[in-house]
Amino acid sequence: MSYFVVFISGFLAATFLPIYSEAVYLFYLPKEPHPMLLTLSAGVGNTLGSLVNYYLGLLGEHYLRKRVDPKRLQKAEKIFSKWGGWSLLLSWAPIIGDPITFVAGLLAYDIKRFIILVFIAKFGRYLALYLGYLGTLHL
């Protein structure tokens, strides 16, 4: 049950909803006999939640292209094409992470690269929490 709750929490937290999955993850972590599976569940859920943002951006492209100055969109595309993939490594970060995944969809960033980079970022965050938790056990 903890895997499912952490997965759903991670999924919802990766969307634009104001949910923080770290607290749920840390609640279940000491109770879990397989903490790496819990960490994987959180990372996968969070990555899949970011796909929601990606697809919202992808679907919103047609709407935005009609209503936003083409020069502004070209500028955003140029910036994202220069830093885009690597900026997805910040998708774990509060406040900026969700918009980064949205813009990736808006600009139709390669979905395979998107998933790989976002998973590295999202799983890495939970792995850092797990390692931090392990460190507190030795204090």
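Right above here is the structure, for reference.
Residues numbered from 1 in each chain as written. Predicted model: local features only at pLDDT ≥ 70, side-chain atom pairs only at ≥ 80, totals over all residues. Heavy atoms only, no water.

## As for the overall build of the protein chain
If you tally the helices and strands in the protein chain, you get six helices and zero strands. Walking the protein chain from its N terminus toward its C terminus, one meets helices and strands in the order α-α-α-α-α-α. Counting over 139 residues, the protein chain shows a buried share of 38%. In the protein chain, the proportion of contacts linking residues at least 24 apart, taken out of those at least 6 apart, comes to 76%. Here the protein chain has roughly 8400 Å² of accessible surface; of this, 72% comes from carbon and sulfur atoms. (Helix = DSSP H or I, 4+ residues; strand = E, 2+ residues; numbered from the N terminus. Buried < 20%, exposed > 50% of the residue type's maximum accessible area, 1.4 Å probe, protein only. Contact = heavy atoms within 4.5 Å. Areas by Shrake-Rupley, 256 points an atom, 1.4 Å probe, with all protein chains shown as cover.)

## Observations regarding the pattern of salt bridges
With the rule as written, the count across this model stands at one salt bridge. Across the salt bridge formed by Arg125 and Glu22, the nearest N and O atoms sit 3.2 Å from each other. Here Arg125, found in helix α6 (residues 111-137), pairs with Glu22, found in helix α2 (residues 21-28); they are 103 residues apart in sequence, far enough to count as distant. The exposure class assigned to Glu22 is partly exposed, which follows from its relative accessible area of 21%. (Salt bridge = Lys/Arg side-chain N within 4 Å of Asp/Glu carboxyl O.)

## Brief notes about the packing of aromatic side chains
As enumerated under the stated definition, the model contains five aromatic pairs in all. Seen from their ring centres, Tyr54 and Tyr55 are 5.3 Å apart, and the 85° between their planes marks the pair as edge-to-face. Residue classification places Tyr55 among the partly exposed residues on the basis of a relative accessible area of 41%. A connected cluster of aromatic rings, assembled from ring pairs, spans Tyr54, Tyr55 and Phe114. Lying over the aromatic face of Phe27, Lys31 brings its terminal NZ or CZ to 4.1 Å of the ring centre. (Phe/Tyr/Trp six-rings, centres within 6.5 Å; stacked < 30°, edge-to-face > 60°. Lys NZ or Arg CZ within 6 Å of the ring centre and 35° of its normal.)

## Here's the deal with the nonpolar core
Grouped together as the largest cluster of nonpolar side chains are eleven residues: Leu51, Tyr54, Phe80, Leu88, Ile100, Ala104, Leu107, Tyr109, Phe114, Leu117 and Val118. Breaking this core down by element, the ones donating at least two residues are α3 (35-67), α5 (97-106) and α6. Take this core: its biggest share by element is three residues, from α6. For Val118, the contacting residues outside a window of four places in its chain are Thr47, Ser50, Leu88, Ser91 and Thr101. Val6, Leu29, Leu38 and Ala42 belong to the second-largest nonpolar core, a separate cluster that totals seven residues. (Core = buried A, V, L, I, M, F, W, Y, C linked by side-chain atoms within 4.5 Å.)

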